[in-house]
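If you want the building blocks of each chain, they are given just below.
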Amino acid sequence: MIRRRFVIGASLSFAASSAWGQADKPLRFSVGGALTQGSLATGQAPPGSLVALDGRPLQVTADGRFAFGFAPDQAKAALITVRYPEGGGDSKSFSPTPRQYEIQRVNGLPQKTVTPPPEVAARIAREAEAIYLARLTQSNGADFLSGFDWPAPGIESGIFGSQRIDNGVPVSPHYGVDMAAPVGTPILAPADGVVSISDDYYLDGGLTLIDHGQGVSTAYLHQSKRLVKAGESVKRGQRIGLIGATGRATGPHLHWAMTWFQVRLDPSLSTRKPKPDPL
Ligand SMILES: [Zn+2]
């Protein structure tokens, strides 16, 4: 039995270890995903279970599916505890694999987007608050479960987590994947969801935010045209907008972001197929 548990544990994560040390008891839940810093994790527990992350209950679907995210700089393990409907439970910690982030210098950005003029400070604050509140949504959907497709073809011109120095000014890390493609290239919904924001923002340009359930959402920035409205349901593969260079951008590209509530995640780690070829 000890040996079997070891094999099960090893298949989940190299760094995982049991919280209660019951080495002879096989786990009845699983957690999958890249299990690195800045990645979305999804889990499966017996239907009717209560699932907690670090002692706080998570949302769980009727058939026992749940999600949580590892922050980009998360050093500590995530402790998942499952209480089974018939009694008893299991607990196990998952340590995210550390990542090395690069330093990316971007020059030629419109200076008013790197050091915005004081008169737009209120607008930027208002827009940041709207995004924060939209990401706080805890909807019952579980559209994130079937995995994500790449939303556009293109050259990956910016990678997740890079320390950004824009026009020589250090700004917040780059929490998204940039796909460079010509203006007008269609952007496709990577999974089903509900549009929570569709608007023109100062830094983000044409912005769409899609809620995929349980706090998982994806964002599409710098669009030249938005094709869906807030409140609208979208289907995987549906055209939601066109690539552009609006907001803080040097050229046409899609900035694709993913979050679990306010936790920034790398969407490329949740894709179910290889990246499409550039146009
Ligand atoms: Zn970007």
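Residues numbered from 1 in each chain as written. Predicted model: local features only at pLDDT ≥ 70, side-chain atom pairs only at ≥ 80, totals over all residues. Heavy atoms only, no water.

A few points about the nonpolar core
By size, the foremost hydrophobic cluster in this structure holds 43 residues, and its most contacted members are Phe29, Phe68 and Ile80. Elements represented by at least two residues in this core include exactly β3 (40-44), β4 (50-53), β6 (65-69), β7 (78-83), β13 (177-180), β17 (216-223) and β21 (253-260). Take this core: its biggest share by element is 4 residues, from β21. Setting aside its immediate chain neighbours within four residues, Phe68 contacts Val31, Ser39, Leu40, Ala41, Leu53, Leu58, Ala78, Ile80 and Trp260. (Core = buried A, V, L, I, M, F, W, Y, C linked by side-chain atoms within 4.5 Å. Buried < 20%, exposed > 50% of the residue type's maximum accessible area, 1.4 Å probe, protein only. Helix = DSSP H or I, 4+ residues; strand = E, 2+ residues; numbered from the N terminus. Contact = heavy atoms within 4.5 Å.)

Examining the pattern of salt bridges
The tally for this structure, following the rule as stated, stands at 11 salt bridges. A salt bridge links Asp266 to Arg99, with the shortest nitrogen-to-oxygen separation between them at 3.1 Å. Of this pair, Asp266 sits in the segment after β22 (263-265) while Arg99 sits in the loop between β8 (89-94) and β9 (103-106), and the two are 167 residues apart along the sequence. Here Asp266 falls in the buried class, since its relative accessible area comes to 3%. On the basis of relative accessible area, Arg99 is assigned to the partly exposed category, the value being 24%. For Lys275, the salt bridge is made with Glu156, and the minimal N-O distance between the two is 2.7 Å. Of this pair, Lys275 sits in the segment after β22 while Glu156 sits in strand β10 (residues 155-158); the two residues are 119 residues apart in sequence, bridging distant segments of the chain. According to the relative accessible area criterion, Lys275 is partly exposed, its value standing at 38%. For Glu156, a relative accessible area of 27% translates into the label partly exposed. (Salt bridge = Lys/Arg side-chain N within 4 Å of Asp/Glu carboxyl O.)

Note that all results are geometric; they support no functional claim without further evidence.
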